[in-house]
Amino acid sequence: MITSTSHAYRYSETSEILREIRVLVVDDDYLTTASLEMFLSPYIPNLLCLNSPLNASYYLENHHVDLLITDYWMNDLTGVELIKIAKKYNPDICTILLTVEDRLPVAEIVNLGVDRYLKKPAMGTKLLEAIEYAVHRILLKKILIDKQKKEIELMKYKEKYNEYHQKEAYKKQVNILKDDLKDATFLKKFEVGDNIYYFKSFYKPREILSGDCYSIRLIDDRRVFIYLIDTMGKGFSSSITSINSAAILNYLISKYTTRISFPIINKTIKKFLDFIKTILLDEEIVCALFIEIDFRDQKILYSNFSMPPMFLVIDKKLTIIKPNNTPINKNTNDFKIDIIKIDNLEKVFLVSDGIIEAKDRENKIYYHKLIQSIPKTKYMKNFLKKLNDELEEIPDDVTAIFINKVSFDGYFKKTFTINSTLKDINRFIKIFCDRLNRSKRFKNISNKVGVVLSELLLNAHEHGNLGITTDIKDSEIHEESYYEKFIAKLEKTVNKSIKLTIVISLTKKQIYITIEDEGKGFDRTSIETGYYSKYGLDIVNHLTDEFFFNFAGNQCFVLFDLKGKSLVSEAIPLELKTNN
Amino acid sequence: MNIFGKDTNIEVSVSNNLIRIYGQVQNIADYALIREKIVEMISNNFRDIKIVFEESNAVTSSIIGFLLKVTQKDKINIHVVAKNEDLYLLFEILGLIDIFKVTKSE
């Protein structure tokens with residue numbers, strides 16, 4: 001509140017408001033405006049006094065005014081008429097009417113919403129109190145806006161807080177799920193002529209915390225253990241069961257430290273059941289698929305507790321392996337494990353019910369289309385594209401695992417050894433792609449091959465041979481010292497090379513490229529968390545038809561499918577020369 | 001010392017805040033050339049830079065990393081014109097349309 005004793009003035013919220021607002025005083029009496037200006041200007045820096053109500057009306061039309069103090073009786077316009085004009089341009093304007101006249105149109109003044117009426121001469125405490133009363137609406141509005149701003153800030157903070165915790169929860173969930181073979185084969189190394197099984201996975205929870213979970217674990221150099229779990233219900237309850245299931249299973253699998261020759265599936269399921277039954281509610285059920293693949297003995301051991309069937313393509317024919325157990329509940333004790341021989345296994349598709357139950361754009365269950373398309377699906381990319389094109393909406397969590405075989409052989413095979421330096425890598429790519437570019441058949445893909453080679457050779461050079469971690473790379477890029485200072489210095493101390501093999505299959509119309517460095521391998525998942533450097537593998541994934549690493553991460557494989565293009569008479573870059 | 005080599009595939013032309021890239025962006029020397037030109041533009045006080053890829057159907061991650069650094073750390077406004085459909089799709093798949101204000105035409 002403003003208090004005035006002999007015009008002494010105590011600062012308050014109102015005084016702060018007066019320093020911010022624009023005030024117009026209008027009176028055709030020069031003495032009145034002069035004395036009002038003298039009295040008010042110490043409190044109101046943005047004060048304008050006018051003697052002509054017509055000028056005042058022009059001013060009101062063109063400027064924002066917060067408070068109008070006007071005399072009632074003036075030439076040309078009355079104070080009431082001026083207030084009407086003012087309200088037309090700013091309905092929220094605060095107004096004080098001054099007059100010596102007792103007979104005023106009270107009803108009109110009240111209806112007009114005049115804030116205060118003062119008898120002249122208006123000066124001192126009375127005037128300041130009237131002003132304080134008049135501007136209380138501005139004060140209230142300011143308080144309201146401040147409050148709204150604070151609430152918005154709080155909401156933004158809460159939103160950010162929740163978003164942060166949801167992201168953290170998702171990271172934790174993904175950390176609990178273990179995918180040892182993400183975009184990888186279990187092989188330590190592969191050569192031309194090998195049949196390579198490699199793994200692709202797709203995991204998309206509908207909510208941050210999902211009822212679906214999966215893991216792909218490498219037991220030894222020939223056996224892979226996979227589980228997919230779908231817990232009943234939605235939301236936190238089912239995700240708690242799901243996360244606990246994944247955590248205990250991965251703990252149990254990690255305990256098989258010594259190389260055991262017998263299958264682990266039976267022991268793992270028994271121990272899992274012992275644990276999960278202690279946390280399941282009376283009516284809660286868990287669907288689960290456990291499979292152990294032995295690639296040397298060519299067999300799959302499986303136990304399927306009401307998950308969707310396994311889809312196997314053997315000799316180009318689809319085999320559907322249905323569940324052999326009922327869902328897991330508090331009373332589950334016994335279970336069955338079956339064995340399938342997998343000679344000539346080409347593909348394995350494992351999916352959760354999200355895909356099985358989804359409806360296509362004609363509102364029909366997608367399952368029938370799915371089983372028709374599986375034998376024809378060459379790569380995980382095609383499968384995901386098909387899902388995207390054909391499904392109206394995926395109603396539930398989706399987990400899909402695709403195990404595929406590629407026979408890595410062809411009529412043209414050549415291996416190049418490239419010095420592990422930026423200059424030699426660059427030179428190699430330039431020569432290689434210039435040769436592709438001169439060939440009619442390969443011209444169309446020469447640049448994409450070039451970009452892919454650039455990504456993979458630099459990956460082999462930087463993360464493999466030079467051993468640079470993603471964190472260090474990001475930090476050096478940020479400081480603009482990555483190539484000229486950091487890499488240049490490392491290149492002087494490291495003398496390694498990169499082996500690149502290109503194979504072209506005319507019958508399959510495919511180009512295969514493998515790149516092998518001399519490093520120990522690298523953590524593929526750490527690349528995904530890089531800030532500046534995470535895009536390389538996404539670019540490779542996008543530009544190639546298939547792409548995977550060996551288990552350690554020091555050898556990679558890319559495939560370009562040239563279906564529809566005749567390669568028979570085409571000149572292949574047989575005499576590729578590099579600096580080496 | 002040039003550690004990248006000089007085997008570039010591209011040609012660039014610079015006019016004020018506009019850089020045009022002709023040819024297929026492919027290797028690390030292309031990155032080095034583009035970076036050199038953009039750093040020069042920034043040192044000439046251009047805060048809004050338009051990069052036109054006239055033909056290229058892809059870019060390398062080193063270029064993307066550099067452009068991200070320029071946008072995020074140096075606070076330079078980057079506007080990419082990807083005239084080739086495949087290049088536009090690549091930016092779209094990588095989730096970079098908004099950050100680099102990627103358009104298909106000038």
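Residues numbered from 1 in each chain as written. Chains lettered and ligands numbered in written order. Predicted model: local features only at pLDDT ≥ 70, side-chain atom pairs only at ≥ 80, totals over all residues. Heavy atoms only, no water.

**Focus: the pattern of salt bridges**
On inspection of all chains with the given rule, the structure shows 28 salt bridges over all chains. In this structure, B:E54 and B:K83 form a salt bridge, with 3.0 Å as the shortest nitrogen-oxygen distance. Pair noted here: B:E54 is in the loop between β3 (48–53) and α2 (61–72) and B:K83 is in the loop between β4 (77–82) and α3 (85–93), with a separation of 29 residues, a long-range link. By sharing partners, the salt bridges in this structure join A:K189, A:E191, A:K499 and A:E516 into a single network. (Salt bridge = Lys/Arg side-chain N within 4 Å of Asp/Glu carboxyl O. Helix = DSSP H or I, 4+ residues; strand = E, 2+ residues; numbered from the N terminus.)

**Considering the domain arrangement of chain A**
Structurally, chain A comprises domain 1 (4–134), domain 2 (177–407) and domain 3 (412–561). Averaged C-alpha coordinates put domain 1 of chain A and domain 2 of chain A at centres separated by 79 Å. (Domains from an automatic or database assignment.)

**Some words on unusual backbone geometry**
All names here are of chain A. You will see that S306, though not glycine, has its phi angle at about 60 degrees, which is positive. Inspection of the secondary structure puts S306 in the loop between β13 (299–305) and β14 (310–314). Positive phi, normally seen in glycine, also occurs at D315, with a value near 50 degrees. Inspection of the secondary structure puts D315 in the loop between β14 and β15 (317–321).

**Quick word on the sheet that holds strand β2 (residues 18–22) of chain B**
Residues and elements named next belong to chain B. Read from one edge to the other, the open sheet built from four strands follows the order β1-β2-β3-β4, with strand pairing classed as mixed. Of all strands in the sheet, those bounded by a partner on one side alone are β1 (11–15) and β4. The average angle at which neighbouring strand axes cross in this sheet is 15 degrees, direction not considered. Sheet topology note: the β2/β3 ladder contains four bridges and is parallel. If you follow L18 over to β3, its bridge partner there is K50. (Pairing = 2+ DSSP bridges. Axes fitted to C-alpha atoms, helices over the stretch in contact; angles between N-to-C directions.)

**With respect to the packing of aromatic side chains**
Residue and element names in this part refer to chain A. Under the criterion given, the structure shown has 32 aromatic pairs over all chains. Between F428 and F432, the ring centres sit 5.5 Å apart and the planes meet at 25 degrees, which makes this aromatic pair stacked. With a gap of four residues between them, F428 and F432 both fall in helix α13 (residues 422–437), about one helical turn apart. We classify F428 as buried; its relative accessible area is 1%. Look at F432 and you get buried, because its relative accessible area is 1%. A centroid spacing of 4.7 Å and a plane angle of 70 degrees characterise the contact between Y482 and Y483, whose relative ring orientation is edge-to-face. Members of the aromatic cluster, each reached through a chain of ring pairs, are F190, Y198, F408, Y512, F548 and F557. If you follow R116 out to its NZ or CZ, it ends over the ring of Y133, 4.0 Å from the centre. (Phe/Tyr/Trp six-rings, centres within 6.5 Å; stacked < 30°, edge-to-face > 60°. Buried < 20%, exposed > 50% of the residue type's maximum accessible area, 1.4 Å probe, protein only. Lys NZ or Arg CZ within 6 Å of the ring centre and 35° of its normal.)

**Details of the packing of helix α18 (residues 535–543) of chain A against α2(B)**
Viewed as axis vectors pointing N to C, α18(A) and α2(B) meet at an angle of 135 degrees, and their least axial separation amounts to 9 Å. In terms of orientation, α18(A) lies oblique with respect to α2(B). For the element pair α18(A) and α2(B), the recorded crossing hand is right-handed. Within the contact between the two elements, α18(A) uses A:Y535, A:G536 and A:I539 and α2(B) uses B:S61, B:I64 and B:L68. For the contact of α18(A) with α2(B), the class distribution of residues is four nonpolar, two polar and no charged. (Parallel < 35°, antiparallel > 145°, perpendicular 65-115°, else oblique. Left-handed = near helix turned anticlockwise from the far one by under 90°. Contact = heavy atoms within 4.5 Å. Nonpolar A, V, L, I, M, F, W, Y, C, P; charged D, E, K, R; others polar.)

**A look at the interface of chain B and chain A**
Facing 35 residues of chain B, the contacting portion of chain A comprises 32 residues. Between chain B and chain A, the buried area comes to about 3000 Å², and carbon and sulfur atoms account for 58% of it. Looking only at chain B, the three residues that lose the most surface to chain A are B:I3, B:D7 and B:Q26, adding up to 22% of its buried area. Taken together, the links from chain B to chain A amount to three salt bridges. A salt bridge links B:D7 to A:R427, with the shortest nitrogen-to-oxygen separation between them at 2.8 Å. Connecting chain B to chain A are 15 residue pairs in polar contact (both at pLDDT 80 or more). Put simply, the parts of the chain that give the side of chain B that touches chain A at least two residues each are α1 (28–43), α2 and α3 of chain B. (Buried area = accessible area lost by both parts, 1.4 Å probe. Polar contact = N/O pair within 3.5 Å; in protein donor to acceptor, adjacent residues only side chain to side chain.)

**Describing the sheet that holds strand β6 (residues 94–99) of chain A**
All names here are of chain A. With respect to topology, five strands assemble into an open sheet ordered β4-β3-β5-β6-β7, the strand pairing being parallel. The open sheet has two free edges, formed respectively by β4 (47–50) and β7 (116–119), since each of these has just one partner strand. Between one strand axis and the next, the sheet turns through 15 degrees on average, direction left out of account. Lying over the sheet, helix α3 (residues 53–62) contacts β3 (23–26), β4 and β5 (67–71), oriented at roughly 160 degrees with respect to β3.

**Quick notes on the side chain of A:T514**
Looking at where A:T514 falls in the secondary structure, it is placed in strand β23 (residues 510–516). Setting aside its immediate chain neighbours within four residues, A:T514 contacts A:F190, A:F408, A:K499, A:L500, A:T501, A:Q555, A:C556 and A:F557.

**Re the confidence of the model for chain A**
Reading fine detail from the predicted coordinates is not recommended where pLDDT is low. Residue and element names in this part refer to chain A. When pLDDT is averaged along chain A, the result is 84, and 92% of the positions lie at 70 or above. No element of chain A has a lower mean pLDDT than strand β1 (residues 4–5), which averages 42, and none a higher one than β13, which averages 96. Counting contacts from residues 1–11, a segment whose pLDDT is below 50, to residues more than four positions away or on other chains yields 22 contacts. Note that residues 565–580 has pLDDT below 50 and, in this model, 45 contacts with residues that lie over four places away or in other chains. (pLDDT = per-residue confidence, 0-100.)

**With respect to the environment of B:S61**
Inspection of the secondary structure assignment puts B:S61 in helix α2. Leave out the neighbours within four places in its chain, and B:S61 touches A:E455, A:Y532, A:Y535, A:G536 and A:I539.

**A few points about the side chain of B:S56**
For B:S56, the location among the structural elements is in the loop between β3 and α2. Since its relative accessible area comes to 0%, B:S56 is described here as buried. At a separation of 3.5 Å, a polar atom in the side chain of B:S56 contacts the side chain of B:Q24. A polar contact is formed between the side chain of B:S56 and the backbone nitrogen of B:V25, at a distance of 2.9 Å. Excluding anything up to four places from it in sequence, B:S56 contacts A:N447, B:G23, B:Q24, B:V25, B:N84 and B:L87.

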